[in-house]
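Below, each chain spelled out in residue letters.
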Number of protein chains: 2
Amino acid sequence: MKRIYLFNEGNATMKNLLGGKGANLAEMTNIGLPVPQGFTITTEVCREYSDLGRLPDGLMEEVKEAMRYIEEKSGKKFGDPTNPLLVSVRSGAPISMPGMMDTILNLGLNDETVKTLAEKAGEKFAYDCYRRLLQMFGEVVMGVEANEFESAIQKKKHDYGVETDQELPPKAFMELVEEFKSIIKNATNKEFPQDPNEQLRMAIEAVFRSWNNPRAKVYRKLNNIPDDMGTAVNVQMMVFGNFGDNSGTGVAFTRNPATGENKLYGEYLINAQGEDVVAGIRTPKPISELEKDMPEIYQQFVEIAKKLEKHYKDMQDIEFTIENRKLYILQTRTGKRTAAAAVKVAYDMVQEGLITKEEALLRIDPDSVNQLLHRQIDPNAKLDVIATGLPASPGAATGKIVFTADDAEEKGKAGEPVILVRTETTPDDIHGIVESQGVLTSRGGMTSHAAVVARGMGMPCVSGCDALKIDLIEKTITVGDKVLHEGDWISIDGSTGKVILGKVPLIEPTLSNEFKTILDWANEFKRLQVRTNADTPQDSAKAREFGAEGIGLCRTEHMFMAQDRLPIVQEMIMAETKEEREKALQKLLPMQRSDFYEIFKVMEGLPVNIRLLDPPLHEFLPNIKELLVDIAILRERGAPQEEIDEKERILKKVQALEEMNPMLGHRGVRLGITYPEIYEMQARAIFEAACQLKKEGVNVIPEVEIPLVANYKELERMRERVEKVAEQVFNEQGVTVEYTVGTMIELPRACITADEIAKYADFFSFGTNDLTQTTYGFSRDDAEGKFMQQYLAEKIIKYSPFVVLDFDGVGQLMKIAMEKARNVNPDIIIGICGEQGGEPKSVEFCHRIGLDYVSCSPFRVPIARIAAAQAAIKEKMGK
Amino acid sequence: MKRIYLFNEGNATMKNLLGGKGANLAEMTNIGLPVPQGFTITTEVCREYSDLGRLPDGLMEEVKEAMRYIEEKSGKKFGDPTNPLLVSVRSGAPISMPGMMDTILNLGLNDETVKTLAEKAGEKFAYDCYRRLLQMFGEVVMGVEANEFESAIQKKKHDYGVETDQELPPKAFMELVEEFKSIIKNATNKEFPQDPNEQLRMAIEAVFRSWNNPRAKVYRKLNNIPDDMGTAVNVQMMVFGNFGDNSGTGVAFTRNPATGENKLYGEYLINAQGEDVVAGIRTPKPISELEKDMPEIYQQFVEIAKKLEKHYKDMQDIEFTIENRKLYILQTRTGKRTAAAAVKVAYDMVQEGLITKEEALLRIDPDSVNQLLHRQIDPNAKLDVIATGLPASPGAATGKIVFTADDAEEKGKAGEPVILVRTETTPDDIHGIVESQGVLTSRGGMTSHAAVVARGMGMPCVSGCDALKIDLIEKTITVGDKVLHEGDWISIDGSTGKVILGKVPLIEPTLSNEFKTILDWANEFKRLQVRTNADTPQDSAKAREFGAEGIGLCRTEHMFMAQDRLPIVQEMIMAETKEEREKALQKLLPMQRSDFYEIFKVMEGLPVNIRLLDPPLHEFLPNIKELLVDIAILRERGAPQEEIDEKERILKKVQALEEMNPMLGHRGVRLGITYPEIYEMQARAIFEAACQLKKEGVNVIPEVEIPLVANYKELERMRERVEKVAEQVFNEQGVTVEYTVGTMIELPRACITADEIAKYADFFSFGTNDLTQTTYGFSRDDAEGKFMQQYLAEKIIKYSPFVVLDFDGVGQLMKIAMEKARNVNPDIIIGICGEQGGEPKSVEFCHRIGLDYVSCSPFRVPIARIAAAQAAIKEKMGK
């Protein structure tokens, strides 16, 4: 068994054996980069160590052998008082576990070698290095409490009357070295080992030991990392950028990480160490100036940067150090970038022939694409965040506070930017919402009225921000000790849930040509169709612009909630007889028809899936609690009996319709069964609109969707009714339109009996919001505000199942349903319309289990297109 | 293809070919009973008829052949004016479709043969027969409107000034015959066929045609009877019991159908037809008197009855007719009987060696056993039913109306029988409920507080009777135009939901020795263990008496609702800090411990499954609507601010805990995760009680059940906590008790991921109430009051899935869960504790899919034992 690999013996594929860091150092060494010499002790040795409880026999001999190689290459010698080699010892597991295990720097220093270093690099530098070694070694290897060293330093600064470590004079560091040695002695009853080889042995053992320290164990458990994976140990020559004016250190991106521009981007400091760049005490210079300071080094760096990009085929984020006019590359990794930069870099690299279109597509983080589609808060702005609510609808908005929909409408129409602030919104608020920049509510979850309406409109919304105490009478918001009034400026970020005091600068979204091209590439590769959830012609048009290939879900209830219709809908609900109800429905018919007419027109040539009425009827009636209180007050005040009677009439109906669990109540197809006239009116509106357009030469493809089917008989009967209405309308209109009938699959029972249901369905659309609620027994609104946060924090669940599909539960039910359905009806079209349909991981899952389409809100269509392409590409690659 | 079977050519197994009636007539003929001669035209001919649209060629020749056989045997001749044979033509499908198809009697009569019949049996009889033939033939065969004949009869009675048909003189019947012939002629433009063979042909064709009449088609669709099954046609010689004093007719059971006593039981009438017995105009004589009237006939009948019992191995219900001292058996079928009779007959027949124990067990309708365990309303009582609610808890009760729990307690303790009438009950009412005879509520479903508590106590309850307007202030109940007051007598039947005005006589339940023996036999055969759902020592003792083999579900929340504890529970919930909450829990600990102590003691040696707290905490707090109204009123009245503040403090907590869908909310294990101290207190109470009993030498077998697990991590963590508490208690007490930890499986996700969950579970208990709610997306309380009735009426579902397990949906999820669980944990114990666990069809399903036990309310334990035995026996028989 080979226990030790020199950096030039390994490569990037050997992560399991060498750990992530070791494999990368080896890779860089092998492509000829000037990496400080070193070697890696394998993860297998870690397992040996765990089994034996000590380092295996002979290991240190092999380490010495490897050290000799470093010594040769560096021309320095470990422990040599005249020309000492210093090394670092670092852990490096196959899977990154940031901060979990230990590092020791400057090994090789002792009372002798520190003197040589002092001669070469100055006393302050040398003794600072030494005291750092003592401190790290003391803590990590010998188990001394960290605060013992820290308080010694604090005391020292106090004694010398300075603020920072760097202000201490050399003498102080020399004193600290002696004090630290005493601390170690006192705490452990042992001396700090002066023998560099002993230092090295103890440091290696300490790193292996740290694999099983409690926080590393907990971290592995939470992240499902196997305990027997083990860590590797990297031993590497130290290099110093603070050896004088011929030395320096810096970081650079091979391209601009903000814009993607193909130009070296970074900064450096002469005579400094890496931490000085980060600390921000001295202002670093832009990388371009290195060309003047050290032209040959700059040239070398430029070439290395190009080489690295070519090798890794991606933008790199490189750390480097110059020690005495010698350039060392310490680390390179894929550079983090903004969404805009990601798009530009991916596009450019295809043009440069560096990567393929497939690779370019895989480079885009689909979630980040959101940034490109919505206004954002300028990342450079300083924000006064006063509260955080739920990120209910992405994008940022800034405006003056208003408390009523009427005020929002009035001021909004007058051109004033306003944010509508409500405890929660209702259908009566719509006219105010449309004129606002954004909506902020103190109650309600991600599926509250405000959230759903705002997402549909692509308007920012923060909901359920319960830190805000809203007083609608006084027109004030109280947050902690702040009180905001109507007209005060406020800003919200619907992507993060932040509520910000005052006006903030916003960045407008841009759909660059590069981005459009990449979206076109996505269509070349993806197999999934991407549709949209849209209830209005405006949303539909927006989605079509973003490349939606149809409507996957058009909810009709939002149409019922429009201000001019709600009274008629209420009339329909309050009807005591079928005849009364039909009279009200007759009034709704032309309105629904024109709704569908407009949407069909916008979506010409593409399928439009219309879901018949779904929510329980009490959602359209006044709130029962308010009614009860109103009536009690009217009684107390001795109001006229007629007034009380009228309220009580409404109350009676509301009470009759009230439900313990509306989610599981009288809704969906259950309404269709009990009030068939409602569905018949809707079907008539659909077919009349379709016929009219067909006569106008417009190609319409209606899909009629029956919600909440649990039992095939429900669909069988509703299908019969829909077909009957279609026949009637076609006869009346003298024209026929092709259409399909199907169902939303949103109950576990529908999945389990999908073979029966599929006999009556041309399509299935997985309604994974409700399917998740019933499968998990989670009421979304209740769960998100209450225990869900704790579940996420305690890692009982990894993601909210309402954001990322629950693959193990809901996903398995979907698979069962698809297999059963396709067995009896191979031509059935199967899609998803839950909110997860626009979430990349979920889109990939949908691709893998063989769905025909995903459907999501208009602004998530580009995200879904990219995610769908990535899924197809990954599958092709066998990933 | 043989198209026609003489009765002596068929047998009981040929139902598909001969229909039910035809096969039975053949069977009786073959065992030598004096059945009127006849033959059956097969169901295959019906299919031929449907295909051809006419009778197949040659059929009538075969019919004539068969008729010749009847003529020979009877010595009469079809259409012979001197000695005419009359026949009936009846439909008879393989599956009974009562009233759906047609029958024609007295075929063979015409203007000539009627005269011969008049000579033999009198004019009135003969012309009455003839007009019946005309009427039936006119309606069924020739399609004349029924009311044409009816109005002619009405007119005739009016003309002769009589009330009933029977009072009409012979002349009137003769006139009617002529009028009926005219009616037929006028309506159809055809004469009534005088040729008996033409009558027969047309009648046969009419019966085949009736297979496809609209009501038969609808009936088949609703009952899933295939359309191509077809009906057979039975042609049979007419016999008449009204040929004079040597004739008669009657019905008799071979044993007493009310008590099961082994003695002929029935009645007869001399010179009468079957319909006279039914009509009740003349009073029939008891069958025993036939011995005096016609000793030889009586003797023959007694022998036949014995023969039939022996042949069919069950009590028979026999129709017979005596025509001129010749006995004919018209029909025999298994006799309907009371539950008590069923038990006695089954027991006796085993003793008589007639049937085996297995057969005896299969004879008991497990559902009917309910009657034997509860008081019942005397079936002979005349009832004034004023409303019907939900049959929430079986048994009947009668008492005086009271409107408050306090009144119920006071009067009940004073020995007055009272019925507690509330809009709905709350935990505060318990002290009144226990002193009542029964509970009646106007709101709430089968799982409302009143229903659950009453079922546990075996006390009658009718819930959700919304026809009752209850005024708690005036202390009145208004139903329609009736107003009842406090103290009025009222009765309820919790098995049917009936509410009855006044006092009614009740029958006390008896557990006969025969019944106890049969229950013992059940244990010999059943494989399923039968446990009980019980929350109190009383219920547990009752269940044990009924043979429960353990507790399958002990709900702890009901303990929390006791009057003396609720304030402490509320204190625990209102706590602002963990410390405050723990203080309140400390007070609850000794109470819980004594709960468990008592139950463990009663259940010594048997497993006791205790479910940790399940319901959302707001269920223990005051109603939010009442609070809101109270506060509004206090404000209006200018009440002191402190009083308002106190209410608002409670309101705030109630609002914070309020949920949109409590069923899917913050409950079950989610409470355990967020408030671990609650579950820890309960676990401690369980283990402390168990240790105490162990020290007293009592064998306890506790099972700790974690409710509502959706994700294995929930169970994993709770199991850890429970084990930790157990260890602590065992250390403190110096004694160890064996126990198990498991979970209720009540969410679809738990079923789908059962393999993961089973790794942490010693047992699974299917909570099929909630599992049905989530699988079906039905909120039980909402569905039962609203659309469920319509779903049942329209046959979208056959049974409420809360009563009979939904085999296709919930049942399939159970199967998936069991397979997955046993794959990883073969020793896991799996049971069911939903209410379906005591329903016979569901028990059979549970047996077939391999559950280890079912658990049900104490009074359903005997039902479940019999059902479990039946399931095992049927399985062994390959049924």
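Residues numbered from 1 in each chain as written. Chains lettered and ligands numbered in written order. Predicted model: local features only at pLDDT ≥ 70, side-chain atom pairs only at ≥ 80, totals over all residues. Heavy atoms only, no water.

> Account for the interface of chain A and chain B, with residues named and values stated.
A common way to state how big an interface is: give the accessible area lost once the parts meet. Contact residues are listed per partner, giving 59 residues for chain A and 58 residues for chain B. When chain A packs against chain B, the two sides together hide about 5,200 Å² of surface, and 56% of this comes from carbon and sulfur. Its salt-bridge partner being B:Glu636, residue A:Arg637 comes within 2.7 Å of it at the nearest N-O pair. Run the count over chain A and chain B and you get 34 residue pairs in polar contact (both at pLDDT 80 or more). With seven residues, helix α24 (residues 624-636) of chain A is the largest single contributor of residues to the side of chain A that touches chain B. The class makeup of the residues in the side of chain A that touches chain B is 25 nonpolar, 14 polar and 20 charged. (Contact = heavy atoms within 4.5 Å. Buried area = accessible area lost by both parts, 1.4 Å probe. Salt bridge = Lys/Arg side-chain N within 4 Å of Asp/Glu carboxyl O. Polar contact = N/O pair within 3.5 Å; in protein donor to acceptor, adjacent residues only side chain to side chain. Helix = DSSP H or I, 4+ residues; strand = E, 2+ residues; numbered from the N terminus. Nonpolar A, V, L, I, M, F, W, Y, C, P; charged D, E, K, R; others polar.)

> How would you summarise a negative patch on the surface if you had to cite specific residues and measurements?
Residues and elements named next belong to chain A. On the surface, a cluster of negative charge is made up of Glu576, Glu579, Glu580 and Glu582. Relative to the assigned elements, glutamate 582 resides in helix α23 (residues 578-602). Residue classification places glutamate 582 among the partly exposed residues on the basis of a relative accessible area of 33%. (Patch = residues over 30% accessible without salt bridge, like charges linked within 9 Å, V, L, I, M, F, W, Y side chains within 5 Å. Areas by Shrake-Rupley, 256 points an atom, 1.4 Å probe, with all protein chains shown as cover. Lys, Arg positive; Asp, Glu negative; His and termini not counted. Charge placed at Lys NZ, Arg CZ, Asp CG, Glu CD. Buried < 20%, exposed > 50% of the residue type's maximum accessible area, 1.4 Å probe, protein only.)

> Which residues make up the environment of A:Ala454, and what are the values?
Residues and elements named next belong to chain A. Its location among the elements puts alanine 454 in helix α18 (residues 449-457). Under the relative-accessibility criterion, alanine 454 is labelled buried at 0%. Between the C-alpha atom of alanine 454 and that of valine 439, which follows or precedes it by 15 residues, the distance is 7.5 Å. Sequence-distant contacts of alanine 454, defined by excluding residues within four places in its chain, comprise Ser393, Met459, Pro460 and Cys461.

> So what's going on with unusual backbone geometry? Residues and values would help.
Notably, A:Asn106 is not glycine yet its phi reads approximately 65°, a positive angle. Within the secondary structure layout, A:Asn106 lies in strand β6 (residues 103-107). The residue B:Lys475 is not glycine, and still its phi comes out positive at about 55°. Considering the arrangement of structural elements, one finds B:Lys475 in the loop between β20 (469-471) and β21 (476-479). For B:Lys475, a relative accessible area of 25% gives the class partly exposed.

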